[in-house]
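What follows is each chain in one-letter form.
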Amino acid sequence: MSSGNRPLQFLGVHDLLDREYRNSPAYQWGRELARNGIEADATTIRFGVEWCGVEATGTYRMQYSDDGHGMSKDELRNYMSTLGRGGKVVGGAHDNYALGSRMTLLPWNPYGVVVISVVNGDPWMVKMLFDQDANSGEGEYVLEEIEWEDEDGSGDRATVYPPYEDTDLGFNWGDTLPEFIRKAGHGTTFILLGRNAGDDTFDGDPERNERHRYLGRKYFNARFWELPDGVTLQVQEMPDKRADWPKSRSESGKYQNRTVRGGRSLVEYTKSAGDSCIADSGVVSLRDHTKVHWWLRTEPTVETGGLGAKSGFVAVLYRGELYGQASADQEDGDVRVGAAVYRQFGIGSDAVRRKVFLVIEPPEYNETTGGEGVAPSTGRADLYWMGAGKSPRSVKPSDWAEEFGEKLPKAILDAINAEFESRDQDEDREQRLQRVLDRFSKRWKAPRARVESVEPDTETTLATPGTTPRTPIDSPSPRPRKASGPKKVVVPRRGDGQTLGQPGQGDTPAKTTRVAVGIPDCKWVTEADIAEAGMMAAWQPPSALHPNGCIEIASDHQVIRNQVEFHQNHYPPAVAKDIEKIVRDVYEEIAIAKVSHIHALGTLFAEEKREEMLQNPSLTTSLLGLIAEDAVIGPRTGKLGTKRRRHEESVLEDVNESAPPATAS
């Protein structure tokens, strides 16, 4: 029964779709079409060349096909002409909004997207395109309306019609139906016409530099973790050079149908001889019921025939698809971003992070109870946290980094330790760093609030077990010292809690106190470990391996190398190694002092500001300038003996000035 109220109308649909397309990542149209096939219960899904156009005009258009249940004439009209109509329930947090294929196809195919669907062997066709004259001359996406008639003379003027002979393009649309759809008697195919009649669309959107070979080899294997049982997804692959592409479907020897295996099969890749590439694997359960699936490979790089990722990645898993992927290898993604994400998880070594895969499976948002969990964005390009009365926020792998770092699996921890133990170690390092702490411990104290019901003077946030505020190096882990007398212990007051928080926050009574700041670890790495061009240093947040955090300094950075060479040139070759050690010691101590001081200043900096100050560019900037470092290096090198004679120094300086600057290897 009608209410008599007029439903809202949505004008400017093309503006909405165009904007959403701009916000979507490359190849998202491939995901949307493949997901359509999966939801239509298809067993075969294929992306390939539309051969009729090739044979008629030499135009290579992308054709998507599946043998799903298909759409009848009325279903096809309703689905294609109404946003929000689809084969599934629309509107829930986890439902597909029936926008995907149109949102990701029409903006780069304004000349047209042809859809032919078959039910019980009966094909019907529509053509979506952008009409400049529609919507009072403002332009809009429409269903093309044509006049058609059968051989017996019956026909109609309609937007849904049987496939016909297209004299403009030179072929019959009915001939484009793949044989596997004809044989099944049901299915759907999309043909992409691009921006003009002669556009090649087989490679995807040229304005995004898409390539069909990447679609089949990399994209789907990075997007889909596992395909449903019984589903085969294939991408027709042509030769690398456009000039070598076949001129008709009969030249089958020049192309192949590459089957998508999915991310999991490539992580657990088995070599042709049957050898496994996995050294260890397991699952870490986190407090919010998230499961982190992890794999440690035997090698940093595994050749998989150009399919998927060769090295490790971190990603979030939702209903068989991977989101927010951060790759350890530059060929698989942005290595700078990937390295930063791994470092948050406590994995700083370049060699180790290339071996480690982390697939994070969080709980789903419960629409019935409002329980906290994840749900996808409308365009299915991102995940969002929802529930528990919180505003939705984007999901990032780093959301789970700190807790996973605390629970770092032993196999990964052993691999990290083995990697750095293989590098040069400094035997007196612990004692030297302890001297730094002893010198400044009284000055490096940070204000904190200790939960206390007796004579409280502030308020803080009550922390539950395992969630105590852990601003890095707030509560120091004491460094071992050599025994020098009777053993001393500290007996806490009865009932004295260990919960610390920030003063002036929350509603739990607390007493203001000051805690001694611990010092972070510091280790020498390579520029490859830091994986960000030009950066000398990187901060690794607290983890099981480094409870107080860790500063990584690149020993092969140009500044470090130049400093070592400069001071070595002022002394005989016999003490070259001693000078290199002094330079490293000084940079290490100064870096530790700067990071410790940042945390000792407590509430002067908000947590977000501290994190910003510890980003790679800021940390690197703090170690540039030479004056402070040379002021410490000079007196230490002076104890090594007599400098070179001034004549020798001037000759060496002339040589250095005429030589090009050192570059990182």
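Look up: the structure comes first, before these words.
As the structure is a prediction and not an experimental result, all values here were calculated from the model. All residue numbers refer to positions counted from 1 along the written sequence of the respective chain. Selection of residues for local features in this predicted model requires a pLDDT of at least 70, selection of side-chain atom pairs for listing and counting requires 80 or more, and totals for whole chains, interfaces and linings are taken over all residues. By convention in this description, side-chain values take in all heavy atoms of the structure and omit both hydrogens and water.

**As for the overall build of the protein chain**
Right, so step 1: Strands here mean DSSP runs of E at least two residues long; helices mean DSSP runs of H or I at least four residues long; both are numbered from the N terminus. In terms of regular secondary structure, the protein chain is built from 20 helices and 27 strands.
Right, so step 2: Per-residue accessibility, obtained with a 1.4 Å probe over protein chains only, is compared with the maximum for each type, and a residue is labelled buried under 20%, exposed over 50%, and partly exposed between these values. Looking at the protein chain as a whole, 48% of its 665 residues are labelled buried.
Right, so step 3: Across the protein chain, the fraction of contacts at a sequence separation of at least 24, relative to all contacts at a separation of at least 6, is 69%.
Right, so step 4: Accessibility throughout is a Shrake-Rupley quantity obtained with a 1.4 Å probe, and a residue counts as covered only by protein chains that appear here. For the protein chain, the exposed surface amounts to about 32,900 Å²; the carbon and sulfur share of it is 49%. Contact between two residues is taken to exist if any of their heavy atoms lie within 4.5 Å; hydrogens are not considered.

**Some details on the sheet that holds strand β20 (residues 390-394)**
Right, so step 1: Taken in spatial order, the three strands line up as β18-β19-β20 in an open sheet, and their pairing is antiparallel. Edge positions in the open sheet fall to β18 (373-376) and β20, since each of these has one partner strand only. Each strand axis lies, on average, 30° off the axis of its neighbour in the sheet, ignoring direction. In short, DSSP must find at least two bridges between two strands for them to pair. Helix axes use the C-alpha atoms of the stretch in contact, all axes being lines fitted to C-alpha atoms, and the angles between their N-to-C directions lie in the range 0 to 180 degrees.

**Quick notes on the packing of helix α15 (residues 558-568) against helix α16 (residues 576-600)**
Right, so step 1: Running from N to C, α15 and α16 cross one another at 135°; their axes reach a closest spacing of 9 Å. Classed by the angle they form, the pair α15 and α16 counts as oblique. In the crossing of α15 with α16, the sense of the turn from one axis to the other is right-handed. Where α15 abuts α16, its residues Val 559, Ile 560, Gln 563, Val 564, His 567 and Gln 568 lie against Ala 576, Ile 579, Glu 580, Val 583 and Tyr 587. Roughly parallel refers to an angle under 35 degrees, roughly antiparallel to one over 145, roughly perpendicular to one between 65 and 115, and oblique to any angle outside these ranges. Each crossing is labelled by how the near helix is turned from the far one, with a counterclockwise turn of less than a right angle marking it left-handed and a clockwise turn marking it right-handed.

**Description of the pairing of strand β14 (residues 291-297)**
Right, so step 1: Burial runs high along β14: six of the seven residues are buried.
Right, so step 2: Pairing of β14 with strand β17 (residues 356-361), which is carried by six bridges, proceeds in the antiparallel orientation. Across the sheet, the residue bridging to Val 292 is Ile 360, located in β17.

**Quick notes on the side chain of Glu 403**
Right, so step 1: Mapped onto the elements, Glu 403 comes out in helix α11 (residues 401-406).
Right, so step 2: Here Arg 287 takes part through its backbone nitrogen, which lies 2.9 Å from a polar atom of the side chain of Glu 403.
Right, so step 3: Not counting residues within four places of it along the chain, the set of residues in contact with Glu 403 comprises Leu 286 and Arg 287. Two N or O atoms count as a polar contact when they lie within 3.5 Å, although within protein this holds only if one can serve as hydrogen donor and the other as acceptor, and sequence-adjacent residues are included solely when both atoms are side-chain atoms.

**Quick notes on unusual backbone geometry**
Right, so step 1: Of note, Asn 120 is a non-glycine position whose phi angle comes to about 55°, a positive value.
Right, so step 2: On the secondary structure map, Asn 120 appears in the loop between β3 (113-119) and β4 (122-131).

**A word on the sheet that holds strand β2 (residues 61-66)**
Right, so step 1: Pairing is mixed across the open sheet formed by eight strands, whose spatial order is β5-β4-β3-β10-β2-β1-β11-β12. In this open sheet, the two edge strands, each paired with only one partner strand, are β5 (140-143) and β12 (256-259). Going across the sheet, the axis of each strand differs from the next one's by a mean of 20°, ignoring polarity.
Right, so step 2: Across four bridges, the pairing between β2 and strand β10 (residues 187-192) is antiparallel. Looking at β10, one finds that Asp 66 is bridged to Thr 188.
Right, so step 3: Of the strands in this sheet, β4 and β5 touch helix α1 (residues 13-23), which is tilted by about 105° from β5.
Right, so step 4: Taken strand by strand, helix α4 (residues 73-81) contacts β3, β4, β5 and β10, and its axis lies near 20° from that of β4.

**Focus: helix α2 (residues 28-39)**
Right, so step 1: Taking 1.5 Å of rise per residue, twelve residues should cover 16 Å, and α2 covers 17 Å from first to last C-alpha, within 8% of that figure.
Right, so step 2: Burial analysis of α2 places eleven of its twelve residues in the buried class, the great majority of the element.
Right, so step 3: Within α2, burial applies to Gln 28, Trp 29, Gly 30, Arg 31, Glu 32, Leu 33, Ala 34, Arg 35, Asn 36, Gly 37 and Ile 38.
Right, so step 4: Once α2 finishes, Asp 41 follows within two positions and takes phi at roughly 65°, a positive value. Under the convention used throughout, the expected extent of a helix is 1.5 Å for every residue step, that is, one less than its residue count.

**Structural notes on the packing of α16 against helix α19 (residues 627-637)**
Right, so step 1: Here α16 crosses α19 at 140°, and the two axes come no closer than 10 Å. Between α16 and α19, the crossing angle belongs to the class labelled oblique. Helix-helix and strand crossings are classified by hand; for α16 and α19 the assignment is right-handed. Across from Ile 579, Ile 582, Val 583, Asp 585, Val 586, Tyr 587, Glu 589 and Ile 590 in α16, the residues of α19 making contact are Ala 628, Glu 629, Val 632, Ile 633, Arg 636 and Thr 637.
Right, so step 2: In the scheme used here, Gly and all other residues not listed as nonpolar or charged are polar, with Ala, Val, Leu, Ile, Met, Phe, Trp, Tyr, Cys and Pro taken as nonpolar and Asp, Glu, Lys and Arg as charged. When grouped by side-chain class, the residues that make up the contact of α16 with α19 number nine nonpolar, one polar and four charged.

**Digging into the environment of Gly 405**
Right, so step 1: Following the sequence through the fold, Gly 405 ends up in helix α11.
Right, so step 2: When the C-alpha positions of Gly 405 and Ala 544 are compared, they lie 5.7 Å apart, and in sequence the two are 139 residues distant.
Right, so step 3: Every residue in contact with Gly 405, bar those within four places of it in the chain, is listed here: Phe 345, Ser 543 and Ala 544.

**Let's talk about the nonpolar core**
Right, so step 1: Residues Phe 47, Met 80, Trp 173, Phe 190, Leu 215 and Phe 220 are the most contacted members of the largest nonpolar core, which totals 66 residues.
Right, so step 2: Among all residues touching Met 80, those that are not within four sequence positions of it are Met 71, Arg 102, Val 115, Val 126, Met 128, Leu 143 and Phe 190.
Right, so step 3: Among the buried residues, those of types Ala, Val, Leu, Ile, Met, Phe, Trp, Tyr and Cys that are joined through side-chain atoms within 4.5 Å form a nonpolar core. Listed in part, the 33 residues of the second largest apolar core include Val 314, Ala 326, Tyr 342 and Ile 416.

**Brief notes about the packing of aromatic side chains**
Right, so step 1: Under the pairing criterion, centres of Phe, Tyr and Trp rings, with the six-membered ring standing for Trp, must be within 6.5 Å; the plane angle then separates stacked pairs below 30 degrees from edge-to-face pairs above 60, leaving the rest tilted. As enumerated under the stated definition, the model contains 20 aromatic pairs in all.
Right, so step 2: The interplanar angle of 70° and the centroid separation of 5.3 Å between the aromatic rings of Phe 130 and Tyr 141 together place this pair among those described as edge-to-face. Note that Phe 130 is positioned in strand β4 and Tyr 141 in strand β5, a separation of eleven residues in sequence. Taken as a pair, Phe 130 and Tyr 141 share a single burial class, namely buried.
Right, so step 3: Chaining the aromatic ring pairs together yields one cluster made of Tyr 27, Trp 29, Phe 47, Tyr 64, Trp 108, Phe 190, Tyr 214, Tyr 219, Phe 220 and Phe 224.
Right, so step 4: Directly above the aromatic system of Tyr 111 lies the positively charged group of Lys 127, at a separation of 5.3 Å from the ring centroid.
Right, so step 5: When the ring centre of Trp 524 is taken as origin, the NZ or CZ atom of Arg 584, which lies over that ring, is 5.1 Å away. A ring is considered to have a charge above it if a Lys NZ or an Arg CZ atom is located within 6 Å of its centre and within 35 degrees of its normal.

**Overview of the pattern of salt bridges**
Right, so step 1: By salt bridge we mean one thing: a side-chain nitrogen of Lys or Arg within 4 Å of a carboxyl oxygen of Asp or Glu. Taken as a whole and assessed by the stated rule, the structure comprises 35 salt bridges.
Right, so step 2: As a salt-bridge pair, Arg 319 and Glu 364 come within 2.9 Å of each other at their nearest N and O atoms. With Arg 319 in the loop between β15 (313-318) and β16 (321-327) and Glu 364 in the loop between β17 and β18, this pair connects stretches of sequence that are 45 residues apart.
Right, so step 3: The exposure class assigned to Arg 319 is partly exposed, which follows from its relative accessible area of 46%.
Right, so step 4: Because the salt bridges share partners, they merge into one network encompassing Asp 203, Arg 211, Arg 213, Arg 217, Glu 237, Asp 240 and Arg 258.

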